[in-house]
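Inside the fold
Listed here are the chains, written in short residue letters.
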Amino acid sequence: MAIVRGSQEQRPLDLEFGKTTVYERKNIRRIDEPDTDERRGFHGWEYDETQYTIAEWHKQDSINNKLAIAELAALIAGGGNNG
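A quick note: this is a predicted structure, and the numbers were derived from the prediction, not measured.

**Quick word on the packing of aromatic side chains**
Taken as a whole and assessed by the stated rule, the structure comprises two aromatic pairs. Seen from their ring centres, F17 and W57 are 6.1 Å apart, and the 80 degrees between their planes marks the pair as edge-to-face. Of this pair, F17 sits in strand β2 (residues 15-17) while W57 sits in helix α1 (residues 54-77), placing them 40 residues apart in sequence. Classification of W57 by relative accessible area gives buried; the value is 9%. Between R30 and the ring centre of W45, over which it is positioned, the NZ or CZ distance is 5.2 Å.

Encoded structure:
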């Protein structure tokens, strides 16, 4: 994971698929820094970005799906105590 700055006009997508790479972005926030005498201010977006190959993404997505299903099954199994 890396902290990235981008000068896109629109908010970057949380998840973007390229030809060979998947970009996952979190904590996306707008940055508007004023100009100073030493440098020009930055106006754009800053976010945490993780890059995956397509194969890595599918593997990670599969793991996340299995964890979500297990969590849901546990909630259903204990459903009488949740509400």
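**As for the pattern of salt bridges**
A complete count under the given rule lists eight salt bridges for this structure. Here R30 and D32 are joined by a salt bridge, their closest N and O atoms 3.3 Å apart. Of the residues examined, R30 reaches a relative accessible area of 39% and is grouped as partly exposed. The structure contains a network of salt bridges with shared partners spanning R5, R29, E33, R39 and E46.

The rules behind each value
- Residues numbered from 1 in each chain as written.
- Predicted model: local features only at pLDDT ≥ 70, side-chain atom pairs only at ≥ 80, totals over all residues.
- Heavy atoms only, no water.
- Phe/Tyr/Trp six-rings, centres within 6.5 Å; stacked < 30°, edge-to-face > 60°.
- Helix = DSSP H or I, 4+ residues; strand = E, 2+ residues; numbered from the N terminus.
- Buried < 20%, exposed > 50% of the residue type's maximum accessible area, 1.4 Å probe, protein only.
- Lys NZ or Arg CZ within 6 Å of the ring centre and 35° of its normal.
- Salt bridge = Lys/Arg side-chain N within 4 Å of Asp/Glu carboxyl O.

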